[in-house]
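# Summary of structural features
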Amino acid sequence: MAAECQRVDRSSHSMDKSITLPADEIFRNLENAKRFAIDIGGSLTKLAYYSTVQHKVAKVRSFDHTAKVGVNGEPLYEISMQEEVTARLHFIKFENAYIETCLDFIKDHLVNTETKVIKATGGGAHKFKDLIEKKLKLRVDKEDEMTCLIKGCNFVLRNIPHEAFVYVKHADSEFRFQNTHPDIFPYLLINIGSGVSIVKVESEDKFERVGGSSIGGGTFWGLGALLTKTKRFDELLQLASKGQHTSVDMLVKDIYGGSYGSLGLTGDLIASSFGKSATADNEFSKEDMAKSLLHMISNDIGQLACLYARLHNLTRVYFGGFFIRGHPQMYIGEVQALFLRHEGYLGTIGAFLKGAEEDNPNQYSWGENYAGSSGLMSVSPDLNPMQRTRSGTFDMLEMDRLERQLVNLPLLQDPSSYIPDTVDLSEDALAREYWLYCFEEALDGVVKRAVASQPDLPEAAERAEKFRHKYRHKLQTLRQQPFAYGSLTVRSLLDTREHCLNEFNFPDPYSKIKQRENDIALKYFQKAIKSLEELSWEQRQFALVRGLLAGNVFDWGAKAVSDVLESDPEFGFEQAKRQLEERPWLVDAYDQWLERLKGPPHKCALFFVDNSGIDIILGVFPFIRELLCRGTEVVLASNSSPALNDVTNSELQILTQRIAAMDLVIQSAVKEDRLTLVQSGSSSPCLDLSRLDKELAGVVRERHTDLVVIEGMGRAIHTNYYAMLSCESLKMAVIKNSWLADRLGGKLFSVVFKYEVPPTMMSKLAGI
């Protein structure tokens, strides 16, 4: 198998060439693989390996200018494309029928000869031990199955937002994704394989099997085979999905003619599984019997889980194991049943982590790479029949190691209830259809911008077309499976696009636009400050807010703005001010903010900045300059990596240096450490306050931050609009999308200005 992995027809052992997948799209970056692990179950193999990925990054470096902005028309800084190496984890799931073919492909493409051992777990590890050692020339080192399972579960809960979900039968959105509590322990794991193991997990290394049952997935498979003569597990599930259990099961209403109110039993509750089969003369269909059997075993396991959860006083109950595959439904009474998007990978993730302990992978944060991951499928056989063929072939998950460890913002009022995104598109069909259309329509412009950012590279156009194909495919998948990567949101659509751009080496398509706009805006900075200083105090406060809002108009991610900027390069700061709606704004708390400014200064303000150019230079810097003059320390948090035309930390360092050379207030604040620049840890136009740079969280605590300012449509509208903080906050944005403005009851360029004070601080501020 030199080129592709092919599906095996088990009945004839012939190769069905109608369903194929390019092997280099499955076993990606195999030439740089350094460590392997494998989990072999009764029907599925899960392979894991670690690789180093070389990709391009955009680096900025300041020219040696002193007080002047540019010399002889030279730009403020230079941009260079450099190669960077990062770590990636690859997880691949396929049927055991392909194991020999896949091992052959790995053997043929494995370059790294330092790898001597492969960690293995699962019941099939012993069965395939000799084959693995023969094919890969690696020694198989077996790891305890339960230990691997727990390690894998801890890893995904800690690193993948929206990993856990509740399954809601017959709802528009089958999957309701849950926020992971910052402290993932303790929890109960119900692992359903051939039988059932119930494990109480109290910490990373402390867990115990507290119970179990012999009635599990093997029972469903075995009894199902006897009842239906169907030998394949997936075929049994397919039969069950088409069946009606009420044909076979005796319900409460079959006995009492309706509900049994005094006992709280509804009429459609199952009174006796297979109860009708003893008295009925008719034959039952395979589908109905499979459905009844599925309900019987699920209910039994669910009841058992509920009892153990109560016994150990646990509210978080996760279900995993092969029995869950394609069937995330359990009935466990008052305890909520939680399922995992990547439950099939838990064992192999754990085995890999056991083999990588010397590298201490848990000291890093990891993020799912949407460009290389398959995503979750629907359990409905009719929702998307074409996608269901994938369950018989290959699924992939990729995790990238992040440069910085990510933690919660310490100022979140309740981290466990924090939801970053304002709208869940998987539950809002109208919004989903609009935004998917919007992102698809924008593809031509993104491709054009990507090519223009690399004029000296002739192959850029070809790579851009590959990006277009991949991202469009992702959008089509999400149209059919909105839940594929967790909750579908504007943020996840933007992040998926950034992942795909990086996949094809377009790390910063807007780099030259940012460079040009920064150069232009700096020339007007001193004039803008002089104009502000000529105003009275009250006039100046309003002018500062209005200037910040006008600066926020310059967002290349908004089509209404990019169209104007493309057609009218002279469109500037004053024109943007005129575009803003007059007060009262759509959301207008300016009067309350002004009253607060008449009181004592804040100790420290944390400002999450947005766009480069006019936004950061003529909008944000005059605003924070005023705060500094009041005696407030300022922390500017900017993206760690590029996204659209958002300013990055490395760019902001250079801009601050240049502004400090022109302005004594900024200069002294930098020297006295009253103005601090930190990375947010993000590479998104949106903002997740539960995944921020650990260093930023430390600065927030040390400075006793008492004001958070969040600017921009992505950070303050699409995300964090409802975020509750334990200190004062300002959320400011200009609505640059007509559809969204209409939804919010406004119009294009409507203004949102939210000043929020937590209830616990109301009385304190009232006395100021």
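Only a predicted model underlies this, so the values are computations on that prediction, with no experimental measurement involved.

What counts as what
Residues numbered from 1 in each chain as written. Predicted model: local features only at pLDDT ≥ 70, side-chain atom pairs only at ≥ 80, totals over all residues. Heavy atoms only, no water. Pairing = 2+ DSSP bridges. Helix = DSSP H or I, 4+ residues; strand = E, 2+ residues; numbered from the N terminus. Axes fitted to C-alpha atoms, helices over the stretch in contact; angles between N-to-C directions. Expected span 1.5 Å × (residues − 1). Buried < 20%, exposed > 50% of the residue type's maximum accessible area, 1.4 Å probe, protein only. Contact = heavy atoms within 4.5 Å. Lys, Arg positive; Asp, Glu negative; His and termini not counted. Salt bridge = Lys/Arg side-chain N within 4 Å of Asp/Glu carboxyl O.

## Re the sheet that holds strand β3 (residues 33-40)
Hydrogen bonds between backbone atoms are what pair the strands of a sheet, whose relative direction is either parallel or antiparallel. Taken together, the seven strands give an open sheet; going across it, the order is β7-β6-β3-β4-β5-β18-β17, and neighbouring strands pair in mixed fashion. Looking at which strands have only one partner, the edges of the open sheet turn out to be β7 (139-142) and β17 (366-368). Pairs of neighbouring strands in the sheet enclose a mean axial angle of 30°, with direction left out of account. Inspection of the sheet shows strand β6 (residues 117-121) paired to β7 by four bridges, in the parallel sense.

## Focus on helix α14 (residues 490-503)
Compared with an ideal rise of 1.5 Å per residue, which puts 14 residues at 20 Å, α14 spans 20 Å between its outermost C-alpha atoms and is within 8% of the ideal. Most of α14 is tucked away, with 11 of its 14 residues classed as buried. Among all positions of α14, only V490, R491, S492, L493, L494, D495, T496, R497, E498, C500 and L501 are buried. Where α14 is buried, its residues touch α11 (429-441), α12 (443-452), α13 (460-480) and α25 (713-718). Where α14 terminates, the next one or two residues include N505, which has phi positive at roughly 60°.

## Quick notes on the pairing of strand β10 (residues 187-192)
Among the six residues that make up β10, six are buried, leaving the element largely enclosed by the rest of the structure. Residues Y187, L189 and N191 point to one face of β10 and L188, I190 and I192 to the other, with burial holding for every one of them. Note: β10 against strand β11 (residues 196-201), six bridges, orientation antiparallel. Pairing of Y187 across the sheet is with V201, part of β11. Hairpin connection, β10 to β11: the antiparallel pair is bridged by three residues. By the bridge criterion, four bridges tie β10 to strand β15 (residues 317-320) in an arrangement that is parallel. In the sheet register, I190 faces β15, and the bridge partner there is F319.

## Structural notes on the pairing of strand β12 (residues 207-213)
Relative to β12, β11 runs antiparallel, the two sharing six bridges. Across the sheet, the residue bridging to I198 is G211, located in β12. Connecting β11 to the next strand, β12, in antiparallel fashion are five residues.

## A short note on the sheet that holds strand β20 (residues 587-588)
In spatial order, the strands read β20-β27-β26-β25-β21-β22-β23; together these seven strands make up an open sheet with mixed pairing. Each edge of the open sheet is held by one strand with a lone partner, namely β20 and β23 (675-679). Strand direction decides the pairing type here: β20 and strand β27 (residues 751-756), joined by two bridges, are parallel. When the sheet's bridge partners are listed, D588 is paired in β27 with F753.

## So, the side chain of K291
Assignment of secondary structure puts K291 in helix α8 (residues 286-311). No salt bridge forms around the buried K291; measuring N to O, its nearest opposite-charge neighbour D288 is 8.9 Å away. Here K291 is in contact with A240, G243, Q244 and H245, once residues within four sequence places are set aside.

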